[in-house]
Each structure stands twice: as structure tokens, then as C-alpha cells.
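Commentary on secondary and tertiary structure
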Amino acid sequence: MKKLPAVTLAFWIMKVAATTLGETAGDLFAQTLKIGYFMTTVALFAIFVATLAIQLRSRRYNPFCYWAVILSTSTAGTTMSDFMNRDASARYLAKGADSLGLGPQGLGLGYPTGAAILISILVAIFVVWKLTRLTFSIGHINTFRGECLFWAAILVSNTLGTSMGDFLSDSSGLGYAAGALVIAAALGVLLALRYLPQVPNVLLFWLAFVLTRPLGATVGDLLTKPVAKGGLQLGTAGSSAALLALLLGFVGYASLRQERTERQQRVLYPVGPPTDSTAVVVEAS
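What comes next concerns the included structure.

Reading the values: rules and limits
- Residues numbered from 1 in each chain as written.
- Predicted model: local features only at pLDDT ≥ 70, side-chain atom pairs only at ≥ 80, totals over all residues.
- Heavy atoms only, no water.
- Helix = DSSP H or I, 4+ residues; strand = E, 2+ residues; numbered from the N terminus.
- Rg over C-alpha atoms; globule rule 2.2 N^0.38 Å.
- Axes fitted to C-alpha atoms, helices over the stretch in contact; angles between N-to-C directions.
- Parallel < 35°, antiparallel > 145°, perpendicular 65-115°, else oblique.
- Left-handed = near helix turned anticlockwise from the far one by under 90°.
- Contact = heavy atoms within 4.5 Å.
- Nonpolar A, V, L, I, M, F, W, Y, C, P; charged D, E, K, R; others polar.
- Patch = residues over 30% accessible without salt bridge, like charges linked within 9 Å, V, L, I, M, F, W, Y side chains within 5 Å.
- Areas by Shrake-Rupley, 256 points an atom, 1.4 Å probe, with all protein chains shown as cover.
- Salt bridge = Lys/Arg side-chain N within 4 Å of Asp/Glu carboxyl O.
- Buried < 20%, exposed > 50% of the residue type's maximum accessible area, 1.4 Å probe, protein only.
- Polar contact = N/O pair within 3.5 Å; in protein donor to acceptor, adjacent residues only side chain to side chain.

**Some remarks on the overall build of the chain**
If you tally the helices and strands in the chain, you get 9 helices and 0 strands. In the chain, the succession of α and β elements from N to C terminus is α-α-α-α-α-α-α-α-α. For the chain, whose C-alpha radius of gyration is 20 Å, the value lies close to the compact-globule estimate of 19 Å for 285 residues. Principal-axis analysis of the C-alpha atoms gives the chain an extent of 70 × 35 × 30 Å.

**Quick word on the packing of helix 2 (residues 37-57) against helix 3 (residues 63-85)**
Interaxial distance between helix 2 and helix 3 falls to 8 Å at its minimum, and their mutual angle equals 155°. By the angle between their directions, the pair helix 2 and helix 3 is classed as roughly antiparallel. You can see that helix 2 and helix 3 cross each other, and the crossing is left-handed. The segment helix 2 lies against helix 3, with Tyr 37, Phe 38, Thr 40, Thr 41, Leu 44, Phe 45, Ile 47, Phe 48, Thr 51, Leu 52, Ile 54 and Gln 55 engaging Cys 65, Tyr 66, Ala 68, Val 69, Ser 72, Thr 73, Thr 75, Ala 76, Thr 79, Met 80, Asp 82 and Phe 83. Looking at side-chain class alone, the contact of helix 2 with helix 3 contains 15 nonpolar, 8 polar and 1 charged residues.

**Side note on a nonpolar patch on the surface**
On the surface, Phe 29, Leu 33, Ile 35, Met 39 and Leu 102 cluster together into a nonpolar patch covering about 430 Å² of accessible area. Relative to the elements of secondary structure, Met 39 occurs in helix 2. A relative accessible area of 35% places Met 39 in the partly exposed class.

**Here's the deal with the side chain of Thr 78**
Position of Thr 78 among the secondary structure elements: in helix 3. Polar contacts involving the side chain of Thr 78 include one to the main-chain carbonyl oxygen of Ser 74, which spans 2.9 Å. Those residues in contact with Thr 78 that lie beyond four places of it in its chain are Gly 22, Glu 23, Gly 26, Asp 27, Thr 162 and Arg 213.

Here it is, written out as C-alpha cells:
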């Protein structure tokens, strides 16, 4: 039974919206509300496990379940990355703050080291995935083990994307807008490569999936950071609310389309999904 969505333009719009919301919401909890990276990561990781359990138990594709897990990996990935890479030094603290919240202050690994660790973990996941001989194609993942590997890769790629986005925005000196343009240009290259038959679409999908996360991270920082730092200073709360409304609108529309498709299938095949031979007879008639 298909449990993952079709990869369309709407899919990528929703992915960027979810990853941008993950950045602004993660910063809202960890920085604006001063909960800190460690405690926020613990709470958001628990939410990720809960939403993933619901997704894994589902017997069919449910847009709300699927995008709830995507959003939880984005928000948890934001604070996981920040906890790995940052510490309580002044450059990472909000004005007037003297700590990064409750619990440990951060590992202070830095963006390059954090990204290298996350890339190694992501490569290890794909190696294990390859050894299982299960498909990497999102349209054909229909086993419990395949779905677990898929979500493990999603969580790590979203965490990695946050590190990459923060590195481009902060450490590289490009700034938020320029960092977003660099990633958008890279995505444009991937789109052009899609028309080359020599390049596997599955590879392009996963590269695009990883790159849309730093795009969301840089856009989220552009929306929320102070004007003095190159941001628009719209605030984490207001930006998160607007992005959540946008994402819910798209998910609601996707849910209505899914229900309409299922009703049509019940009319055409009242006794259940057709086999390949049945589908040929129906199409021929």
C-alpha cells in the first residue's frame, strides 16, 4: 500500500515551507522562549517519535500524518544541529542572554565538524539501505523496513541541512539572502540535470531533498533575524504562524485530493485494488 506522496511541484513547495517553518519554530522554542537547544531537542525528538509511530502504523498515505513527520524532523533537526554546533559564547547568544537555556549549553563542534559528522551518518544510512536491496525511490517504498530507513535519512538530512544553511548564512560571510540564492542556484542545476537520461532521478531527488533544507534554514533566518544582521526581523512567532497557515492550506488541499482519488477508486474497483491483469481488462473495456 502506497504511504508516501507523489513528487510534484506542490510537494517541493510544501517541503520548503515545512523546512522554513522548522527553522523558525525551532528558533522560537530554543531562543525566543529561552528553553534552550538541549531541552527543546529532547521535546521535539519525542514529538518526532510520536508522529513517526502514527505514520508507520498508518495503512495508507495520509497527507496530515506524512507532513507532520516532515515538520517534526525539520524542527528537531534545527535544534539538534544548533546543539551540536554552538556553545554559550557571546556570538551565539541573543542580546541580553547569558546562556542557551536549561541543560547542557551545546557541544560547540562548529558547522564544518558538525556537517562532516552528519554527512558520515547519512552515508552510513544509505549504505545500509543499499545492502538491504530495498528501493530508494519514494514512489515505491512500501515496506516497514524501507520506511524506517527513509525516515532515518530524512531526520539526518534535515539536521545536516540546518548546519549547511547556518554555515552559508553565518560563517561563510554570504549572508541570508545570498546564501538562499546560492542554494536556489544549486537546485536549478539539479532541475536541469533531470532532463539528462544518464543521471538517475532517484539521485537527483535525494540531492534536492537535502538542499531544500538549507534553503529553508536560510530563508527562515532571513525572515526572523535582525535587520542589522541582514534579516527582515519579522519575528519567530509571526513567521512561524504565517508558514504554518501556508503549510496547512497545502496539506488540506492534498488531503481533499487524496480523498477524491480514493472515492474514484472505490467506484471503479468496489471489491478492492485490481491486479495487473484486472487493470488491463478494465482499461481495454
